[in-house]
Amino acid sequence: MAGRRCSFSAILRVFCYVSWLAFIVAESQETKLNVDRRAAAVDSPHTDTAGRVSEQPAAEETPGQQEPAAQDTVVPSSATSFKDDFQEELVIRPLHSGDIYASFQFRTLWETDFMSGNKVSHYRLYPKSLGQVISKFSVRELHISFTQGYWRTMQWGQPFLPSPPGAELWVWFQDSVTDVDGTWKELTNVLSGIFCASLNFIDSTNTVQPSASFKPLGIGNDTDHRFLRYATLPREIVCTENLTPWKKLLPCGSKAGLAVLLKSEKLFHSSFHSQAVHIRPVCQDWECKTSSWELRQTLNVVFDLHTSSQGKREWSLFKMFSRTLTEACPLASSSKIYIDVTDNPEGEQFEVTPATPLLSKAVVLGDRRTFSVYDLTQQITFGTMRSLNLLIRWKTSEGDMLRPLLHAERYVAGYGLQTGEIHTLMYNNHPYRSFPVLLLDSVPWYLRLYIHTLTVTSKGKDNTPSYIHYQPSKDRVRPHLLEMLVQLPPNSVTEVTVQFERALLKWTEYTPDPNHGFYVGSSVISSLVPSIVAMDINSTQERPLFSSFFPCKEESSYFVRVYTEPLLVNLPTPDFSMPYNVICLTCTVVAVGYGSLYNLLTRSFQIEEPSPGLAKRLANIIRKMRGVPLL
């Protein structure tokens, strides 16, 4: 009987093992088939769902071919045969100062509907953590950035995607949300855990509800600002703990593709570093019959010439990131590197090695730029060494950078610790065109603004704003909110000043280092700046990712957002060392005075007889042994 049981169990084990092997083989064949289909779809022309070849124009990277602009909220037709799509780009812009600007763009598109209320359980390329956040908190748009350093506009020009120092978060909720403030608080706590940041410190004291400065960047024209929340943490420090979860959101992580260059010790050893996540719904086609959710992860970094390159005007991928590229992300339908050669048409300024015949032209920030393109999906790009290490070597240090048409500055004036004045300077460098700008200022409640002292001057004359929205603060409840629409005259400097009074905080409200000062977030300036070239908004060809983020609805202007420096303000600070001195003095008095008195009152005194001498002790020992009474 026991033998039959053993044989039956052995047969059962063999059967289970054979079934497991068959399942593994079938799974591997299915995975290989899916990968082959995806590779064939990427390498072949665009096809629709029926398998027919569509009559789309060729890609823009053909030698000498010009790439027109396109609307940003439309996805490329190559993603129509799949439910999700992933693209990655790296843009390298050599700066005239010898520094170098690198911008990473990763975009994941997913054709699904989080707004319908249906539970989404299967995730492929789109990160599940963010998908659950969108679904649970009814998020329509989410924009978050972490920045270390300040972008020097006059030295580096305009960035592709601006961001203020510290942490910035602004979210559009769906109109189905009833308690926006409660949902906002829960969302900040969840994002704080996802990105390992201090977003849980966002509360009503640093959250505002802008009325005009922030519009939805995706589809939908609903601009009910009751569902918008905006907050900044200007003192937030960006480190590896924030970069690691950001990289884990990518489909390939940091194992393949452009993400292998994101080495933390190199990125944080730079003059400027900013990483961001943008989530919004976009149109799947031009008729916008179906929509997709776009996750765009961006990382901008500026490497200093003297600290990173030992003063030599020479850059390479290995010098910047300590790594080279060997392959594209296998899950990416597009993986490209763009090098801005607009100011180097004949190779007089710098030389790029290895050279590429592929050129692309795109309208970026109102100017037509020319880029050398390296397609990482083509094996010929890596050469025989199967490694790509781009080298940029300067030939001359001459040349001037084109000044940006709009930039701004801000500082605090005054003396003492009672009152002060905030100055905001907005520069319009256009020689003959004026344009309006929207200025947003969020000032903490402990700086009590005197709004009647608000003045706006341009060229020595008063400049009356055409729109002003002011929400006064409440102590320990909400900050000041000031928004106004100002017309900037051509070639002018517009100055906005307002006086304030410093409040006296409770001793429990001071930071551990109160003498360092308190930070005030950056001002936000939004404007439609006149374009140098006509913006083509009706083209059907796709644009590079770095030039297709902000919507373009006018041919004569483009959208620009500028952030000023954060302010560091000193408040009346008590002498926090005084309690320590009082405690030490009090303890000393108690120990010396009361201790002595206590000893006198509680100690018992006894008369102690003198000890006998040595001879007497020896005699007593002898007498004790003899039985004689002691002396």
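- An unreviewed UniProt entry lists the protein chain under the name Phosphatidylinositol glycan anchor biosynthesis, class T, with Labrus bergylta given as the organism.

## Regarding the overall build of the protein chain
And step 1. Within the protein chain one finds 10 helices and 26 strands.
And step 2. Expressed as a percentage of the 631 residues in the protein chain, the buried residues total 47%.
And step 3. Of the contacts made within the protein chain by residues no fewer than 6 positions apart, 77% connect residues no fewer than 24 positions apart.
And step 4. With an accessible surface of roughly 32,100 Å², the protein chain has 56% of that area assigned to carbon and sulfur atoms.

## Section: the state of the cysteines
And step 1. Going through the model one piece at a time under the given rule, you end up with one disulfide.
And step 2. Here C252 engages in a disulfide with C329; their sulfurs sit 1.8 Å apart. Here the S-S torsion is close to 70 degrees, and the disulfide linking C252 with C329 is therefore right-handed. On the criterion of sequence distance, the pair formed by C252 in the loop between α5 (240-248) and α6 (264-267) and C329 in the loop between α8 (317-321) and β10 (334-340) is long-range, its members being 77 residues apart.

## Points about α5
And step 1. Of the residues making up α5, those classed as buried are N242, L243, P245, W246 and K247.
And step 2. Its buried side turned inward, α5 meets β2 (100-110), α4 (180-194), α6, β7 (272-283) and β8 (291-303).

## So, the pairing of strand β12 (residues 359-364)
And step 1. Bridge count for β12 against strand β13 (residues 367-375) is six bridges, and the pairing is antiparallel. Looking at the pairing, V364 lines up with D367 of β13.
And step 2. The loop that links β12 with its antiparallel partner β13 comprises two residues; one of these, L365, has a positive phi angle of about 55 degrees.

## Brief notes about empty space enclosed by the protein
And step 1. The final tally for this structure, using the stated rule, is seven cavities of 30 Å³ or more.
And step 2. Of the voids in this model, the largest cavity is the one considered here, and its volume is about 200 Å³.
And step 3. As for the largest cavity, its lining consists of 17 residues, and the residues nearest its centre are L365, S547, F550, Y558 and F559.
And step 4. Of all elements in the fold, only β12 and β25 (557-563) reach the threshold of two or more residues within the lining of the largest cavity.
And step 5. Looking at the lining of the largest cavity residue by residue, the classes come out as 13 nonpolar, three polar and one charged.
And step 6. Size it by volume and the second largest cavity reaches roughly 170 Å³.
And step 7. Taken together, 18 residues form the lining of the second largest cavity, with P162, E168, W170, H278 and Y563 sitting closest to its centre.
And step 8. Mapped onto the lining of the second largest cavity, the elements with two or more residues apiece are β3 (139-148), β4 (166-173), β7, β8 and β25.

## Details of the pattern of salt bridges
And step 1. The final tally for this structure, using the stated rule, is 16 salt bridges.
And step 2. A salt bridge links R296 to E294; the nearest nitrogen and oxygen atoms lie 3.2 Å apart.
And step 3. Residue R296 is classed as buried on the basis of its relative accessible area of 0%.
And step 4. With a relative accessible area of 1%, E294 lands in the buried category.
And step 5. Connected through shared salt-bridge partners, R107, R280, E294 and R296 make up one network.

## Considering a nonpolar patch on the surface
And step 1. On the surface, a cluster of nonpolar side chains totalling about 460 Å² of accessible area is made up of L614, L618, I621 and M625.
And step 2. One can find M625 in helix α10 (residues 614-626).

## Remarks on the environment of P404
And step 1. Mapping P404 onto the fold places it in the loop between β14 (391-394) and β15 (406-413).
And step 2. Placed 251 residues apart in sequence, P404 and T153 show a C-alpha to C-alpha distance of 7.4 Å.
And step 3. For P404, the residues in contact, after removing those within four places along its chain, are T153, M154, Q158 and N429.

## Focus: the sheet that holds β14
Backbone hydrogen bonds are what pair the strands of a sheet, in a parallel or an antiparallel way.
And step 1. The antiparallel open sheet is built from three strands, whose spatial order is β9-β14-β11. Either end of the sheet is taken by a strand with one partner, and the two such strands are β9 (314-316) and β11 (350-353). Mean inter-strand twist for the sheet, computed between neighbouring axes without regard to direction, equals 10 degrees.
And step 2. In terms of strand pairing, β9 meets β14 through three bridges, oriented antiparallel. Each bridged residue has a counterpart across the sheet, and for S316 the counterpart in β14 is L391.

## Digging into unusual backbone geometry
And step 1. For the bond running from T353 to P354, omega is -5 degrees, close enough to zero to count as cis.
And step 2. Unusually for a residue other than glycine, S322 sits at a positive phi of about 65 degrees.
And step 3. The topology assignment puts S322 in the loop between α8 and β10.
And step 4. Overall, S322 belongs to the partly exposed group, its relative accessible area being 23%.

## Looking at the side chain of E294
And step 1. With respect to the helices and strands, the residue E294 is situated in strand β8.
And step 2. Reaching out from E294, the side chain makes a polar contact with the side chain of R280 at a distance of 2.7 Å.
And step 3. Reaching out from E294, the side chain makes a polar contact with the side chain of R296 at a distance of 3.2 Å.
And step 4. Those residues within four positions of E294 in sequence are excluded, and the remaining contacts are R107, T108, L109, Y126, H278, I279, R280 and V282.

## A few points about the confidence of the model for the protein chain
And step 1. Of the residues in the protein chain, 83% reach a pLDDT of 70 or more, and the chain-wide mean stands at 82.
And step 2. Note on residues 1-18: pLDDT is under 50 here. Beyond four places in sequence and across chains, it has zero contacts.
And step 3. The low-confidence segment residues 20-82 (pLDDT under 50) makes 100 contacts with residues lying over four places distant or belonging to another chain.

## Here's the deal with α10
And step 1. Counted at 1.5 Å a residue, the expected span for α10 with its 13 residues is 18 Å, and the 19 Å between its end C-alpha atoms agrees.
And step 2. Backbone geometry just downstream of α10 places G627 in the positive-phi region, at approximately 80 degrees.

## Some details on the sheet that holds strand β18 (residues 447-458)
And step 1. On the basis of which strands lie adjacent, the open sheet formed by five strands has the order β15-β16-β22-β18-β19 and antiparallel pairing. Bordering the open sheet on either side are β15 and β19 (461-462), each of which pairs with just one other strand.

## Looking at the packing of aromatic side chains
And step 1. Across all of its chains, the model carries 28 aromatic pairs by this definition.
And step 2. On the basis of an interplanar angle of 45 degrees and a centroid distance of 6.2 Å, the ring pair of F303 and W315 is categorised as tilted. Of this pair, F303 sits in strand β8 while W315 sits in strand β9; the two residues are 12 residues apart in sequence, bridging distant segments of the chain.
And step 3. F303 sits in the buried class, given a relative accessible area of 1%.
And step 4. Above the plane of the ring of F137 lies K136, whose end atom (NZ or CZ) is 5.7 Å from the centre.

Reading guide: rules and limits
- Residues numbered from 1 in each chain as written.
- Predicted model: local features only at pLDDT ≥ 70, side-chain atom pairs only at ≥ 80, totals over all residues.
- Heavy atoms only, no water.
- Helix = DSSP H or I, 4+ residues; strand = E, 2+ residues; numbered from the N terminus.
- Buried < 20%, exposed > 50% of the residue type's maximum accessible area, 1.4 Å probe, protein only.
- Contact = heavy atoms within 4.5 Å.
- Areas by Shrake-Rupley, 256 points an atom, 1.4 Å probe, with all protein chains shown as cover.
- Disulfide = S-S within 2.5 Å.
- Pairing = 2+ DSSP bridges.
- 1 Å grid on protein atoms, 1.4 Å probe; cavity = no way out; pocket = protein on both sides within 12 Å on 5 of 7 lines; lining within 4 Å.
- Points joined across faces, edges and corners; volume = space filled by probe spheres on them.
- Nonpolar A, V, L, I, M, F, W, Y, C, P; charged D, E, K, R; others polar.
- Salt bridge = Lys/Arg side-chain N within 4 Å of Asp/Glu carboxyl O.
- Patch = residues over 30% accessible without salt bridge, like charges linked within 9 Å, V, L, I, M, F, W, Y side chains within 5 Å.
- Axes fitted to C-alpha atoms, helices over the stretch in contact; angles between N-to-C directions.
- Polar contact = N/O pair within 3.5 Å; in protein donor to acceptor, adjacent residues only side chain to side chain.
- pLDDT = per-residue confidence, 0-100.
- Expected span 1.5 Å × (residues − 1).
- Phe/Tyr/Trp six-rings, centres within 6.5 Å; stacked < 30°, edge-to-face > 60°.
- Lys NZ or Arg CZ within 6 Å of the ring centre and 35° of its normal.

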